[in-house]
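Remarks on the overall topology
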Number of protein chains: 2
Amino acid sequence: MKNKYSDILKKLKLKITPKRIEILSILDRENYFKSPEEIWQLMKKRFKKIGLPTVYRNLEDLAEGGVIFRIIHPDRQLYYYFCNNKDHHHHFVCISCKRVSDVDYCPEKEVINYVSKRIKGKIISHIFQINGICNVCMNIESSLGGTK
Amino acid sequence: MKNKYSDILKKLKLKITPKRIEILSILDRENYFKSPEEIWQLMKKRFKKIGLPTVYRNLEDLAEGGVIFRIIHPDRQLYYYFCNNKDHHHHFVCISCKRVSDVDYCPEKEVINYVSKRIKGKIISHIFQINGICNVCMNIESSLGGTK
DNA sequence: ATACCAAATGAAAATCATTTCTATTTATAA
DNA sequence: TTATAAATAGAAATGATTTTCATTTGGTAT
Ligand SMILES: [Zn+2]
Ligand SMILES: [Zn+2]
Ligand SMILES: [Zn+2]
Ligand SMILES: [Zn+2]
């Protein structure tokens, strides 16, 4: 029980390696989503030997384990976000600064009835992501606009 | 006003070309989402000269015009679905047979208040997709299961 | 502590969906 | 019809992600 990241990895039955700890630490540091490449660049500050595939592999495993979340992005590349919130929830993503905020609301229950009665199907999973401009970026925008 | 696809293209200010008509026709034919590659294979039956980039370009333009919809898939490749429903709505996607069904419900209004009050952000767009098993696939499953 | 083994990693190469480039063709409006 | 911008084919490039395989490492049992 070295730290919270060790615990997380232990729960996922993944070996506790310095690289994995660092990946979690980097993602946990700020409320921004990050690409494998970005994370790799940050990793290189601490490890002289660190391969990009290691970053990809671990991000995939951590996302699979539900410890980090994938962000859906128009450029269709991979982005991840660390989130401590253990309850099922969704995310508000700022398209300007990449900040992510929890949205403690899930629309699944609103459509379970619709899907079962009208489509006569069974829900397996769902994707809900809200994209927008966060308060920080709105304030920047409005302060810029105010000078006109 | 040759047909409904010509009208669609006219509205989008895209030139009415045989390739575009055929792409719309292929996507409109069945309630399945399709990849650019699949559509290209089907196009080759009618056109001896048809390039894959043409299919990609047109699918992109049509999606941009809101005539076809992108499906979010775990393999992260591009898939498209033709949908006549002009009202804002979402989709139920069968992960087994690729069938798509309209879900005339949108969770946006449920979170507008949350986002504006708690996150103090502004919603620009949202993604909501329900993945599951459709009734056709459920029936196939249960008839297979019944033989045990 | 030491040895062992499966898991994790680095480095290089491969993959392959998607995009770009350019010369040619085509749709459309005057 | 003719002019012109848009659309297309074909070939090549791109680049994020994945695979391969030899080496290293973490966890567990001596
Ligand atoms: Zn969260
Ligand atoms: Zn949910
Ligand atoms: Zn629809
Ligand atoms: Zn909606």
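Structure: see above.
**Some details on the sheet that holds strand β5 (residues 122-133) of chain B**
- Taken together, six strands build an open sheet; the order of strands is β4(A)-β3(A)-β5(A)-β5(B)-β3(B)-β4(B) and the sheet is mixed. A single partner strand is all that each edge strand has here, and the edge strands are β4 (100-103) of chain A together with β4 (100-103) of chain B. Neighbour-to-neighbour, the strand axes of this sheet turn through a mean angle of 25°, independent of strand direction.
- With four bridges joining them, strand β3 (residues 90-94) of chain B and β4(B) adopt antiparallel strand pairing. Bridging from a neighbouring strand, B:H90 pairs with B:V103 of β4(B).

**A look at the protein's contact with DNA strand D**
- Around DNA strand D, the surrounding shell holds 21 residues, and the nearest of these are A:Y56, A:L78, B:K19, B:K49 and B:T54.
- Backbone atoms, meaning sugar and phosphate, make up 75% of the atoms of DNA strand D lying within 4 Å of the protein.
- Within the backbone of A:I16, an N or O atom sits 3.0 Å from a phosphate oxygen of DNA strand D.
- The separation between a phosphate oxygen of DNA strand D and a polar main-chain atom of B:I50 is 3.4 Å.
- Listed by contribution, the elements that provide at least two residues to the surface near DNA strand D are α4 (52-64) of chain A together with α2 (18-29) and α4 (52-64) of chain B.

**Describing the coordination of the zinc ion (ligand 3)**
Residue and element names in this part refer to chain B.
- Every protein donor of the zinc ion (ligand 3) is accounted for by C83 (SG), H89 (NE2), H91 (NE2) and D102 (OD), and the metal-donor separations fall at 1.9 to 2.2 Å.
- Metal-centred angles of 100 to 130° between the four donor atoms at the zinc ion (ligand 3) mark the site as tetrahedral.
- Every donor residue of the zinc ion (ligand 3) comes from the same chain, spaced as C-x5-H-x1-H-x10-D. Separated by 11 residues along the polypeptide, H91 in strand β3 and D102 in strand β4 bring together distant segments of the chain.

**Thoughts on the relation of the copies chain B and chain A**
- When chain B is fitted to chain A, the best match, at an RMSD of 0.0 Å, comes from turning it 180° and sliding it 0.0 Å along the axis. The relationship between the two copies is best expressed as a two-fold rotation axis. Within chain B, the C-alpha atom positioned nearest to the axis of rotation is that of B:F128, 2.2 Å from it.
- A share of 100% of interface residues in chain B that are also interface residues in chain A marks the association as one of identical surfaces.

Scoring rules and cut-offs
- Residues numbered from 1 in each chain as written.
- Chains lettered and ligands numbered in written order.
- Predicted model: local features only at pLDDT ≥ 70, side-chain atom pairs only at ≥ 80, totals over all residues.
- Heavy atoms only, no water.
- Pairing = 2+ DSSP bridges.
- Helix = DSSP H or I, 4+ residues; strand = E, 2+ residues; numbered from the N terminus.
- Axes fitted to C-alpha atoms, helices over the stretch in contact; angles between N-to-C directions.
- Near = heavy atom within 4 Å.
- Polar contact = N/O pair within 3.5 Å; in protein donor to acceptor, adjacent residues only side chain to side chain.
- Donors = N, O, S within 2.8 Å, 3.2 Å for Na, K, Ca; no water.
- Tetrahedral: all angles 85-135°; square planar, octahedral: opposite > 155°, others 65-115°.
- Least-squares fit on C-alpha atoms with pLDDT ≥ 70 in both.
- Contact = heavy atoms within 4.5 Å.

Treat this as a map of the structure, not an account of what it does.
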